[in-house]
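The residues making up each chain are set out below.
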Amino acid sequence: MAASFDYFEHVADIGVIGIGDTLAEAFVGGAQGLFNVMVDIDQVDGTRCIDITCSAFDIQELYIEWLNTLLSEADINGMAFCRFTIDQLTENTLHGHAFGETIDAIKHHIKTEVKGATYSMLSIEKVNDNFVVKCVVDV
Amino acid sequence: MDLERLKKISDNVWEIPKSGDMLVNGRIFGSEELILGMDDKVYEQTSNVACLPGIQKFAAVMPDAHWGYGFPIGGVAAFDPEDGGVVSVGGVGFDVNCGVRSLTTNLTVNDVKPKLSTLVDTLFDMVPAGLGSRGEIALAGGKIYDVLTDGAPWIVEQGYGTKEDLTFIEEGGVIAGADPDNVSETAIKREKRQVGTLGSGNHYLEVQYVDQIYNQFIAEKFGLSMNQIIISFHCGSRALGHQIGTDYLKILAGASRKYNLPIRERELVCAPIYSPEGEKYFSAVNCATNYAFANRQVIAHLARKGVNKVFPDADVKTLYDVGHNTCKVERHKLNGKTKTLYVHRKGATRAFGKERSELPGSYKGAGQPVLIGGSMGTASYILAGLEEEEGAFASVCHGAGRVMSRTKAKKLWQGEGIVKELGARGIIIKTHSMRGVAEEAPGSYKPIEKVVDVIDATGLAAKVVRVRPLGCIKG
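So, how was this worked out
Residues numbered from 1 in each chain as written. Chains lettered and ligands numbered in written order. Predicted model: local features only at pLDDT ≥ 70, side-chain atom pairs only at ≥ 80, totals over all residues. Helix = DSSP H or I, 4+ residues; strand = E, 2+ residues; numbered from the N terminus. Rg over C-alpha atoms; globule rule 2.2 N^0.38 Å. Buried ≥ 20, exposed ≤ 12 C-beta atoms within 10 Å, placed from the backbone. Contact = placed C-beta atoms within 7 Å. UniProt positions renumbered as here; feature names shortened; annotations may be inferred. Nonpolar A, V, L, I, M, F, W, Y, C, P; charged D, E, K, R; others polar. Pairing = 2+ DSSP bridges. Axes fitted to C-alpha atoms, helices over the stretch in contact; angles between N-to-C directions. Parallel < 35°, antiparallel > 145°, perpendicular 65-115°, else oblique. Left-handed = near helix turned anticlockwise from the far one by under 90°. Core = buried A, V, L, I, M, F, W, Y, C linked by C-beta atoms within 7 Å. pLDDT = per-residue confidence, 0-100.

Caption draft 1: A look at the overall build of chain B. Helix and strand counts for chain B come out as 14 helices and 19 strands. Rg of the C-alpha trace for chain B: 21 Å, near the compact-globule value of 23 Å for 475 residues, within the 12% margin. Expressed as a percentage of its 475 residues, the buried residues of chain B come to 63%. Taking all contacts inside chain B whose residues are at least 6 apart in sequence as the whole, residues at least 24 apart take part in 78%.

Below you can see the structure in the form of structure tokens.
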């Protein structure tokens, strides 16, 4: 299966679930879920590519760092992202790319701004043959 | 939350008795009904906060509390630096110095109603809001740093608003000890085009009118009268504050390991106030605090311009501006002794009493105006701080508090339906995101009057007036 995403309930904010055959795919799924909170990612064209590098103390911190780096890069570049790749993932480091275009309130059907990915309900698990990553994002 | 786990002090005051590693008790301000509606995580998170080094008196919880990040939302805790006290990311949150500004006008409901639609449209056009919006000030060169160190007064110098506005902002709109060297390059890049923007989520700008006066003497002191038009808005330090929160979660996670601090939840990471990491974090928080004051000052200026476009003779003044996601150095009396403490308020509003020297001259003898925003379409309240020594370090609630998830709200309501329903009640909603409106549906929040009544009954603050919305702008 390819990377996919889902959501879970949280009283004030939104729980995002990333799913994939590999941990990298699950991270990609989580990123898709994150950006789909803010825009309709299907409406975004991945015409521009941003290089993403992250490092962290452990794999859990690395996942949060990945999501927060994507948020800051989208913000700094005035973009919405729709597609992600990860070509290198270790316990402490990640290298990948985010694809998207300049944010357009009408074309992308903007929804709610995410302030940050949080450690709340953070989990990284292998469920059957899939990797599943979860966290709550603060909106 | 199960009441059986709490010790009842009075009808609206409850205690989480100290156990295990807790250094102090937890103290919940709330009615039976409100506490029964709180999730158990509030109990757990309050107990965790009570374990942090240097905490004083108790870990307090406001009646609008719900599950947060490290601290519960609605959590208040004060730390003594001389007693090994700490500063914690969870105690401030991601949206540093998020708060409310209210502006008074000399207009009445009757003046505004015939032109309400034009007024709301004008304000919607003038105040940038929603995901990806950009402010009209581009902070190039050294200006990026000026706004962090000099806050709202610097913004006024640039021509946005009046010096009189500054008198009615907490701290005069600027806090000392803000060194931009402690703010990351990423955070600096993110702030450049966001000063003067509302944001999205639960942030809003409302055209309101006074529909009930509870305390005539204080209402007059605050310049409030029946049917008067008020403009209020809720926003914070935008991406700058979010990035500072994100950056320091990592840095203070390292500090918590280094100083071997008892962290029960990852977002409670902290550092001793007297440590290089703690000093840097507090300095970065001060930068974001100043940025939020500056942000609200630009929006106040834009709102004033908007009102004057439709009503050229209207006199629009700042009533008050106060944050509710803050860490501030304040003096408080504990067991008869005055101490200097680092007070964390995560979703709680400062509510200084009438004797405080920090109040603007005209509010002395009345108390600090406390601005409590309701959910979209419902009432908001203006209270006056009473600051009893038995209180929670001069703190009260900050809003109604959510009771339903955003996902559930979207399943129950459609944005278009909410706009139509409120329209039938004479309330105009303008938004950049209909889905955002559905998420913020009034039914997804606690009834605000029950929250505010607890504050009034406990003597933390006194109700002064209630305001109702006529128009609401959502990001």
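Resuming the write-up.
Caption draft 2: Structural context of the overall build of chain A. In terms of helices and strands, chain A carries 2 helices and 8 strands. Order of helices (α) and strands (β) in chain A, N terminus to C terminus: β-β-α-β-α-β-β-β-β-β. In chain A, buried positions account for 52% of the 139 residues. The long-range share in chain A, meaning contacts at least 24 apart out of those at least 6 apart in sequence, stands at 61%.

Caption draft 3: Local environment of unusual backbone geometry. Residue and element names in this part refer to chain B. Unusually for a residue other than glycine, Asn-227 sits at a positive phi of about 65 degrees. Among the secondary structure elements, Asn-227 is positioned in the loop between helix H8 (216–221) and strand E9 (228–235). Asn-227 gets classed as partly exposed once you count the C-beta atoms within 10 Å, which come to 13. Positioned with a positive phi, Arg-238 is a non-glycine residue whose angle comes to about 55 degrees. Take Arg-238: it is sitting in helix H9 (residues 238–258). Looking at Arg-238, the number of C-beta atoms within 10 Å reads 30, which means it is buried.

Caption draft 4: The arrangement of the UniProt feature "binding site: Mn(2+) 1" (unreviewed entry) in chain B in detail. This chain's UniProt record puts "binding site: Mn(2+) 1" (unreviewed entry) on Asp-95 and His-203 of chain B. Their sequence span is 109 residues, while the largest C-alpha to C-alpha distance among them is just 11.1 Å; these annotated residues converge on one region. Assignment of secondary structure puts Asp-95 of chain B in the loop between strand E6 (86–88) and strand E7 (99–108). Residues in contact with Asp-95 of chain B, not counting those within four places in the same chain, are Lys-115 of chain A together with Gly-236, Ser-237, Gly-241, His-242 and Asn-325 of chain B. Mapped onto the elements, His-203 of chain B comes out in the loop between helix H7 (185–191) and strand E8 (204–213). Judged by the 24 C-beta atoms lying within 10 Å of it, His-203 of chain B is buried.

Caption draft 5: Examining the UniProt feature "domain: Archease" (unreviewed entry) in chain A more closely. The UniProt entry lists residues 5–139 of chain A under the feature "domain: Archease" (unreviewed entry), expressed in the numbering used here. Helix makes up 25% of residues 5–139 of chain A and strand 41%, whereas the separation of the span's terminal C-alpha atoms amounts to 18 Å.

Caption draft 6: Region of interest: the interface of chain B and chain A. Contact with chain B, which involves 35 residues of that partner, is made by 27 residues of chain A. Per-element accounting of the side of chain B that touches chain A gives the leading share, 7 residues, to H9 of chain B. Broken down by class, the residue content of the side of chain B that touches chain A amounts to 7 nonpolar, 16 polar and 12 charged.

Caption draft 7: Highlighting the pairing of strand E8 (residues 130–138) of chain A. Residue and element names in this part refer to chain A. Most of E8 is tucked away, with 7 of its 9 residues classed as buried. By the bridge criterion, 2 bridges tie strand E6 (residues 116–117) to E8 in an arrangement that is antiparallel. Its bridge partner being in E8, Ala-117 is matched across the sheet by Val-137. Bridge count for strand E7 (residues 123–127) against E8 is 5 bridges, and the pairing is antiparallel. Within the sheet, the bridge partner assigned to Ile-124 lies in E8 and is Val-133. Hairpin connection from E7 to E8: 2 residues lie between these consecutive antiparallel strands, with Asn-128 at a positive phi of about 55 degrees.

Caption draft 8: Expanded view of the packing of helix H1 (residues 23–38) of chain A against helix H2 (residues 59–76) of chain A. Residues and elements named next belong to chain A. For the pair H1 and H2, interaxial distance at closest approach is 10 Å and the crossing angle is 40 degrees. Taken together, the axes of H1 and H2 lie oblique to each other. Like other packed secondary-structure pairs, H1 and H2 cross with a definite hand, here right-handed. Contacts between H1 and H2 involve Phe-27, Gly-30, Ala-31 and Leu-34 from the former and Tyr-63, Trp-66, Leu-67 and Leu-70 from the latter. Here the residues of the contact of H1 with H2 are counted per class, giving 7 nonpolar, 1 polar and no charged.

Caption draft 9: Quick look at the nonpolar core. Counting 166 residues, the largest nonpolar core has Val-127, Leu-252, Ala-303, Val-370, Ile-382, Leu-383 and Val-396 of chain B as the members making the most contacts within it. A per-element tally of this core places helix H10 (residues 276–310) of chain B first, with 16 residues. When neighbours within four sequence positions are excluded, Ile-382 of chain B is seen to be in contact with Ser-102, Phe-222, Leu-224, Pro-369, Val-370, Leu-371, Val-464, Val-465 and Val-467 of chain B. If you look at the next biggest cluster of nonpolar residues, it comprises 46 residues, including Phe-27, Leu-94, Tyr-119 and Phe-131 of chain A.

Caption draft 10: Layout of the confidence of the model for chain A. Looking at chain A as a whole, its pLDDT mean stands at 95, while 99% of the residues score no less than 70. Confidence, expressed as mean pLDDT per element, reaches its minimum in chain A at E6 of chain A with 92 and its maximum at strand E5 (residues 93–102) of chain A with 98.

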